[in-house]
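Structural description and commentary
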Amino acid sequence: MTNISELDLQNLRHLIGGYDTTRCKMQEYAKAANDTQIKQFFEKGARSAMDNKQQLMKFLQ
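Owing to the predicted nature of the structure, the values given are computational and were not obtained by experimental measurement. (Residues numbered from 1 in each chain as written. Predicted model: local features only at pLDDT ≥ 70, side-chain atom pairs only at ≥ 80, totals over all residues. Heavy atoms only, no water.)

**Some points on the packing of aromatic side chains**
A full pass over the atoms with the stated rule returns 2 aromatic pairs. Measuring from centroid to centroid gives 5.3 Å for Phe41 and Phe42, while their planes differ by 70°, and the two rings are edge-to-face. Three or more aromatic residues link up through ring pairs in this structure, and these residues are Tyr29, Phe41 and Phe42. (Phe/Tyr/Trp six-rings, centres within 6.5 Å; stacked < 30°, edge-to-face > 60°.)

So this is what it looks like as structure tokens:
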């Protein structure tokens, strides 16, 4: 693991938390959507947020 500063660690924590919140909200919006296109839009957003979160988590390994 590369040495990262405390500020960078705090920023990562903030970003990871934000993406996790976004994923949860997008999943809930997708569940509530009646329109197929809207449902797919939110599902895609949820997957994107999860992918971004996982990419950021790699910095913590």
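**A word on the side chain of Lys53**
With respect to the element layout, Lys53 can be found in helix H2 (residues 36–57). The buried category is assigned to Lys53, whose relative accessible area is 19%. Not counting chain neighbours up to four residues away, the residues in contact with Lys53 comprise Ile16, Tyr19 and Asp20. (Helix = DSSP H or I, 4+ residues; strand = E, 2+ residues; numbered from the N terminus. Buried < 20%, exposed > 50% of the residue type's maximum accessible area, 1.4 Å probe, protein only. Contact = heavy atoms within 4.5 Å.)

**Things to note about the pattern of salt bridges**
By the definition in use, this model includes 3 salt bridges. For Lys31, the salt bridge identified is with Glu28, shortest N-O distance 3.4 Å. Highlighted residues: Lys31 and Glu28, both in helix H1 (residues 6–32), separated by 3 residues, approximately one helical turn. When its relative accessible area of 61% is taken as the criterion, Lys31 is described as exposed. One connected set of salt bridges, linked through shared partners, spans Asp20, Arg23 and Lys53. (Salt bridge = Lys/Arg side-chain N within 4 Å of Asp/Glu carboxyl O.)

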